[in-house]
Amino acid sequence: MSTEQDQRVTETLASLTRAEDTDALEAIRIEALGKKGWITQLMKTLGKMSPDERQVEAPRIQAIRARVAEAIEDRKAALEAAELERRLASETLDLTLPAPQAPGGSVHPVSQVMDELAEIFADLGFSVASGPEIEDDWHNFTALNMAETHPARAMHDTFYFPDVDAEGRRMLLRTHTSPVQIRSLVERGAPIRIIAPGRVYRSDSDATHTPMFHQVEGLVIDKGIHLGHLKWTLETFLKAFFERDDIVLRLRPSYFPFTEPSVEVDVGWKDEGGRRVLGGDGDAPGHGWMELLGSGMVNRRVLEFAGVDPDEYQGFAWGLGVDRLAMLKYGMDDLRAFFDGDDRWLAHYGFSPFDQPTLSGGVGAKSTVGAKA
């Protein structure tokens, strides 16, 4: 090895020991072993030598290349190990801390209220019934004693399809869940005790009405049923749902074609900080009455349509909006927000899927974020 080449090797090895990071190391590698590096240029001279010279010089130049390359790899490993030690010392992880909460979904208030209704009425001996959302006009109107001239049958109130079923009956989006009562009576007969929650459709839209909304109806058919049973059932349900023992009801005479007699049910309420809170006697100072639902004793003609003998069985039915129940219980003021799909609204008013409503733990499960407005 020539003195000049000896010196270049020594300088290269010395610069490697002084390299403080991988960038400096890469610069030294390029200077020595890169396309224009001095060792690469030295390798190219082998092609210009005679076979005898090449036989002598090739092993020496290869040894220089191997020595420098090995030194570079050793220094690279040392720098990477030092960097790892530095990061381990500075980027510590406290395993005793709770893990950050991962983003998760939440239960919509309507779904939450549906679960609460099912829990309460199951405790009262009711089962949950369901039916098709696309109905025929016999189940939706005729079997419920609604005459051909009834306003609800009008095009401006009901979404009709151009189709008819095999029996020539007009098809429509159901306007209430009452057809489920008819179907259940026809299939099961009496006695029966059901609730029928689900989506319904009417041509209406404002702050308290939407073309699609949710309704729950209840039906009890048995022997010896009277209006007192209806009031007790509704009072027991509302006390459990709103988790208040001071719920007071007022029944007013009304008219529905499928019940006779029919009653509107009002509930006492008062204003607390700009929010309507149910509870107390509506005639008490600072209180008032709020119409909450419609109900009554099932019309004997409806029983006859369903194939039930009205001389042997009688019963009561009621219906109310699930969305409105959610608004009253959890402090929402615009029904349209229920269907806007706004993640911020759902984050505030939504519920954890792990907080299932139970009567023992309280049907009003905790929300996922903050307190209710």
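As a reminder, the structure under discussion sits directly above these lines.
Everything numeric in this text was worked out from a predicted model, so none of it was measured.

## With respect to the pattern of salt bridges
Reasoning step 1: Inspection of the entire model under this criterion finds 18 salt bridges.
Reasoning step 2: Here Asp136 ties to Arg169 by a salt bridge, and the two come within 3.7 Å at their closest N and O atoms. Placement of Asp136 in strand S2 (residues 134–136) and of Arg169 in the loop between strand S3 (160–164) and strand S4 (170–173) is noted, with a sequence separation of 33 residues between them.
Reasoning step 3: Exposure remark for Asp136: the relative accessible area of 5% places this residue in the buried category.
Reasoning step 4: Arg244 is paired through a salt bridge with Asp246; the nearest N and O atoms lie 2.9 Å apart.
Reasoning step 5: Classification of Asp246 by relative accessible area gives partly exposed; the value is 31%.
Reasoning step 6: A single salt-bridge network, built from bridges that share partners, covers Glu135, Asp136, Asp165, Glu167, Arg169 and Arg183.

## Things to note about the packing of helix H5 (residues 109–123) against helix H10 (residues 322–330)
Reasoning step 1: The N-to-C vectors of H5 and H10 enclose an angle of 95°; their axes lie 9 Å apart at closest approach. The angle between H5 and H10 places the two elements in the roughly perpendicular class. In contact with Pro109, Val110, Val113, Met114, Glu116 and Leu117 of H5, H10 contributes Val322, Asp323, Leu325, Ala326, Lys329 and Tyr330.
Reasoning step 2: When grouped by side-chain class, the residues that make up the contact of H5 with H10 number nine nonpolar, no polar and three charged.

## Some points on the packing of aromatic side chains
Reasoning step 1: On inspection of all chains with the given rule, the structure shows 13 aromatic pairs.
Reasoning step 2: One aromatic cluster is present, formed by Phe121, Phe126, Phe237, Phe241, Phe242, Phe316 and Trp318 through successive ring pairs.
Reasoning step 3: Between Arg170 and the ring centre of Tyr160, over which it is positioned, the NZ or CZ distance is 3.9 Å.
Reasoning step 4: Sitting over the ring of Phe126, Arg193 keeps its end group 5.8 Å from the ring centre.

## Some words on the sheet that holds S3
Reasoning step 1: Strand order in the open sheet formed by three strands is S2-S4-S3, and the pairing between neighbours is antiparallel. Two strands close off the open sheet at either side, each with one partner strand: S2 and S3. Direction aside, neighbouring strands of the sheet carry axes that sit 35° apart on average.
Reasoning step 2: Of the strand pairs in this sheet, S2 and S4 are connected by three bridges, and their pairing is antiparallel. Within the sheet, the bridge partner assigned to Ile134 lies in S4 and is Leu173.

## A few points about the environment of Gly189
Reasoning step 1: With respect to the helices and strands, the residue Gly189 is situated in the loop between helix H7 (178–188) and strand S5 (192–201).
Reasoning step 2: Given a relative accessible area of 18%, Gly189 falls into the buried group.
Reasoning step 3: Each C-alpha atom of the pair Gly189 and Pro211 lies 32 Å from the other, and the pair is 22 residues apart in sequence.

## A closer look at helix H4 (residues 51–90)
Reasoning step 1: If you check H4, its first and last C-alpha atoms are 58 Å apart, about what 40 residues at 1.5 Å a residue would give, namely 58 Å.
Reasoning step 2: Taken as a whole, H4 carries its principal kink of about 35° at Glu57; the proline Pro59 stands between one and four residues after it.
Reasoning step 3: For H4, the full list of buried residues reads Ala58, Arg60, Ile61, Ile64, Val68, Ala71, Ile72 and Leu79.
Reasoning step 4: The inward-facing, buried residues of H4 contact helix H1 (3–18), helix H2 (22–33) and helix H3 (38–44).

## Observations regarding the nonpolar core
Reasoning step 1: In this structure, Leu117, Phe237 and Trp318 are the most contacted members of the largest nonpolar core, which totals 45 residues.
Reasoning step 2: Taken together, the elements giving at least two residues each to this core come down to H5, strand S6 (212–222), helix H8 (227–242), strand S8 (259–272), strand S10 (287–298), strand S11 (314–321), H10 and helix H11 (343–349).
Reasoning step 3: Setting aside chain neighbours within four positions, we find Phe237 in contact with Leu117, Ile120, Phe121, Leu320 and Leu325.
Reasoning step 4: The next biggest cluster of nonpolar side chains, apart from the first, holds 22 residues, and it includes Ala129, Ala143, Met146 and Leu303.

## Looking at unusual backbone geometry
Reasoning step 1: Along the chain, Ala190 connects to Pro191 via a cis peptide bond; the corresponding omega equals 5°.
Reasoning step 2: For Glu243, which is not glycine, the phi dihedral falls at a positive 55°.
Reasoning step 3: Inspection of the secondary structure puts Glu243 in the loop between H8 and strand S7 (249–256).

## Here we look at the pairing of S6
Reasoning step 1: A large share of S6 lies buried, amounting to nine of its 11 residues.
Reasoning step 2: Where S5 meets S6, 10 bridges bridge the pair, whose relative direction is antiparallel. When the bridges of S6 are listed, Tyr201 appears paired with Met212.
Reasoning step 3: Sheet topology places S6 next to S11; eight bridges connect them, and they run antiparallel. Within S11, the position partnered with Val220 by the bridge is Phe316.

What counts and what doesn't
All residue numbers refer to positions counted from 1 along the written sequence of the respective chain. Reporting of local features is limited, given that this is a predicted model, to residues whose pLDDT is at least 70; pairs of side-chain atoms are given and counted only at 80 or more, and all residues count toward the totals for whole chains, interfaces and linings. Neither water nor hydrogens contribute to the side-chain values; these are computed over all heavy atoms in the structure. The rule for a salt bridge is simple: a side-chain nitrogen of Lys or Arg has to be within 4 Å of a carboxyl oxygen of Asp or Glu. Helix numbers and strand numbers start at the N terminus; a helix is a DSSP run of H or I with at least 4 residues, a strand a run of E with at least 2. Using a 1.4 Å probe on the protein chains alone, a residue whose accessible area is under 20% of its type maximum counts as buried, one over 50% counts as exposed, and one in between counts as partly exposed. To obtain each axis, a line is fitted to C-alpha atoms, and for helices this fit is confined to the stretch in contact; angles are then taken between N-to-C directions over 0 to 180 degrees. Convention used here: angles under 35 degrees read as roughly parallel, angles over 145 as roughly antiparallel, angles from 65 to 115 as roughly perpendicular, and any remaining angle as oblique. A contact between two residues is defined here by any heavy atoms of the two lying within 4.5 Å. Each residue receives one of three labels: charged for Asp, Glu, Lys and Arg, nonpolar for Ala, Val, Leu, Ile, Met, Phe, Trp, Tyr, Cys and Pro, and polar for the others, Gly being one of them. Here a Phe, Tyr or Trp ring, Trp counted by its six-membered ring, pairs with any other such ring whose centre lies within 6.5 Å, and the pair is stacked when the planes are under 30 degrees apart, edge-to-face when over 60, and tilted otherwise. In this analysis the charged atom, NZ for Lys or CZ for Arg, is taken to sit over a ring once it is within 6 Å of the ring centre and within 35 degrees of the ring normal. Whether two strands pair depends on DSSP finding at least two bridges between them. For a helix, the expected span equals 1.5 Å multiplied by the number of residues minus one. Working definition for bend: take the seven residues up to and ending at a residue and the seven starting at it, fit an axis to each, and measure the angle between the axes. Grouping buried Ala, Val, Leu, Ile, Met, Phe, Trp, Tyr and Cys residues that are joined through side-chain atoms within 4.5 Å yields what is termed a nonpolar core.

All we've got here are geometric facts, nothing functional implied.
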